[in-house]
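Listed below, chain by chain, are the residues.
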Amino acid sequence: MISAQQAPFPNKIQRVMEHPSEEEETCEEQYEAENCTCSSKRASPTAESGSDSPVTLKILQNWVPRVSHYFDKEHYTYVGHQIVIHESIEHFGAVVWPGALALSQYLESNQEQFNLKDKKVLEIGAGTGLVSIVACILGAYVTATDLPEVLENLSYNISRNTQNMNMHKPEVRKLVWGEGLNEDFPVSTYHYDFILATDVVYHHAALDPLLATMVYFCKPGTVLLWANKFRFSTDYEFLEKLCDMFNTTILAEFPESNVKLLKATVREN
């Protein structure tokens with residue numbers, strides 16, 4: 001998840017539903033025309049299994065308008081639960097971005113396809129914790145991870161929204177992409193059914209460690225669900241690398257926010 005300094009807006013949807021710029025549209029057109037090797041598949045309860053295109057969706061207004069003196073708290077409703085997210089402009093990952101809304105909505109709407117009940121789920125770059133909270137509500141054993149400077153706000157949001165609920169207690173841990181993986185998450189002990197990631201790819205220098213982290217945690221039987229707003233050529237280059245290493249399917253696209261949702265699994269030898 002990413003963050004940027006911004007003034008308080010009256011409507012959260014206005015913040016995250018901005019239209020892609022001409023540069024972004026051109027970048028996407030060039031990528032799809034020249035480089036796209038990922039498979040795509042319509043993924044919804046009513047979709048035909050033989051369809052060869054991703055479902056096109058719109059991020060719903062699960063944001064709940066509230067009269068509040070604090071612009072840094074946002075209210076959402078997922079899976080019948082009100083979720084209050086505290087945001088911050090002080091650190092990366094402390095703002096809810098379109099990918100988190102897209103994946104939260106998709107998990108809520110496709111519970112038969114992706115049943116998280118009693119599954120072990122790891123979120124990398126958990127940011128504000130919205131997706132991890134939704135996964136908890138859906139019954140998963142959740143480990144939410146991010147950089148050390150993000151953990152305080154992440155822990156606060158997850159604790160505030162999951163306490164006093166009949167669900168598995170989530171865990172919050174530090175995870176720096178590509179660093180100390182064997183020491184902190186030895187493969188002999190840690191195996192996850194799902195890896196969740198939203199808006200972890202943007203214009204930063206840690207894309208190779210991020211990919212290495214995805215490869216490390218994705219074992220046979222693991223499903224990676226990654227939702228991202230595509231902005232730059234580097235975003236599409238990362239997608240191409242992901243497609244080269246995993247069986248990758250585009251599950252859904254959210255054109256208004258320029259978000260793609262992908263599923264990736266380990267290739268069998």
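Residues numbered from 1 in each chain as written. Predicted model: local features only at pLDDT ≥ 70, side-chain atom pairs only at ≥ 80, totals over all residues. Heavy atoms only, no water.

Asks: What's the story with the nonpolar core in this structure? I'm lost.
Replies: Membership of the largest hydrophobic core comes to 42 residues, with the highest contact counts inside it found for Ile 83, Leu 130, Leu 196 and Leu 225. With residues near it in sequence (within four places) discarded, Leu 196 still touches Leu 103, Leu 107, Val 121, Leu 122, Glu 123, Ile 124, Val 131, Ala 135 and Leu 225. In this structure, Ala 197, Phe 238, Cys 243 and Leu 262 belong to the second largest nonpolar core, which totals 30 residues. (Core = buried A, V, L, I, M, F, W, Y, C linked by side-chain atoms within 4.5 Å. Buried < 20%, exposed > 50% of the residue type's maximum accessible area, 1.4 Å probe, protein only. Contact = heavy atoms within 4.5 Å.)

Asks: Explanation requested: helix 5 (residues 151-162) in the structure shown.
Replies: Helical geometry note: an α-helix holds 3.6 residues per turn, so side chains three or four residues apart project in the same direction. For helix 5, with twelve residues, the first-to-last C-alpha span of 16 Å sits near the 16 Å given by 1.5 Å per residue. Of the residues making up helix 5, those classed as buried are Leu 151, Asn 153, Leu 154, Asn 157, Ile 158, Asn 161 and Thr 162. Along helix 5, the residues classed as buried sweep out an arc of 165° about the axis, all on the same side. Check the buried side of helix 5 and you find it contacts strand 4 (81-86), helix 4 (130-137), strand 6 (141-146) and strand 7 (171-174). At the C-terminal side of helix 5, Asn 164 shows a positive phi close to 60°. (Helix = DSSP H or I, 4+ residues; strand = E, 2+ residues; numbered from the N terminus. Expected span 1.5 Å × (residues − 1). Arc of directions from axis to C-beta.)

Asks: Explain the confidence of the model for the protein chain to me, please; I cannot follow it from the model alone.
Replies: Predicted coordinates in regions of low pLDDT should not be interpreted in detail. Mean pLDDT over the protein chain stands at 81; residues scoring 70 or higher make up 74%. With pLDDT under 50 throughout, residues 40-50 is counted as low confidence; its partners more than four residues away or in other chains account for 27 contacts. Low pLDDT (under 50) marks residues 63-71, which in the prediction has 14 contacts with non-local residues, meaning those over four places away or in another chain. (pLDDT = per-residue confidence, 0-100.)

Asks: How do you make sense of the environment of Ala 197 when you look at a structure like this?
Replies: Relative to the assigned elements, Ala 197 resides in strand 8 (residues 194-198). For the pair Ala 197 and Trp 226, spaced 29 residues apart in sequence, the C-alpha separation works out to 4.8 Å. In contact with Ala 197, other than residues within four places in its own chain, are Leu 103, Ile 124, Met 214, Leu 225, Trp 226 and Ala 227.

Asks: Just to check I follow, could you spell out the packing of aromatic side chains for this structure?
Replies: Any aromatic ring pair is given by two values, namely how distant the centres are and how the planes are angled relative to each other. In the structure shown here, the tally under the stated rule is eleven aromatic pairs. Taken together, a centroid distance of 6.4 Å and an interplanar angle of 20° make the contact between Tyr 190 and Tyr 192 stacked. Each ring, one from Tyr 216 and one from Phe 217, has its centre 5.2 Å from the other, and the planes form 85°; the classification is edge-to-face. According to the relative accessible area criterion, Tyr 216 is buried, its value standing at 13%. Each member of the aromatic cluster is reached from another via a ring pair, and the members are Phe 185, Tyr 190, Tyr 192, Tyr 216 and Phe 217. (Phe/Tyr/Trp six-rings, centres within 6.5 Å; stacked < 30°, edge-to-face > 60°.)

Asks: Just to check I follow, could you spell out the packing of helix 3 (residues 98-109) against helix 4 for this structure?
Replies: Helix-helix packing is described using two parameters, namely the angle between the two axes and the distance between the axes. Two elements in contact, helix 3 and helix 4, have axes separated by 9 Å at closest approach and are oriented at 10°. Here helix 3 is positioned roughly parallel relative to helix 4, judged by the angle of their axes. Residues Ala 100, Leu 101, Leu 103, Ser 104 and Leu 107 of helix 3 lie in contact with helix 4, whose contacting residues are Leu 130, Val 131 and Val 134. Partitioned by chemical class, the residues of the contact of helix 3 with helix 4 number seven nonpolar, one polar and no charged. (Axes fitted to C-alpha atoms, helices over the stretch in contact; angles between N-to-C directions. Parallel < 35°, antiparallel > 145°, perpendicular 65-115°, else oblique. Nonpolar A, V, L, I, M, F, W, Y, C, P; charged D, E, K, R; others polar.)

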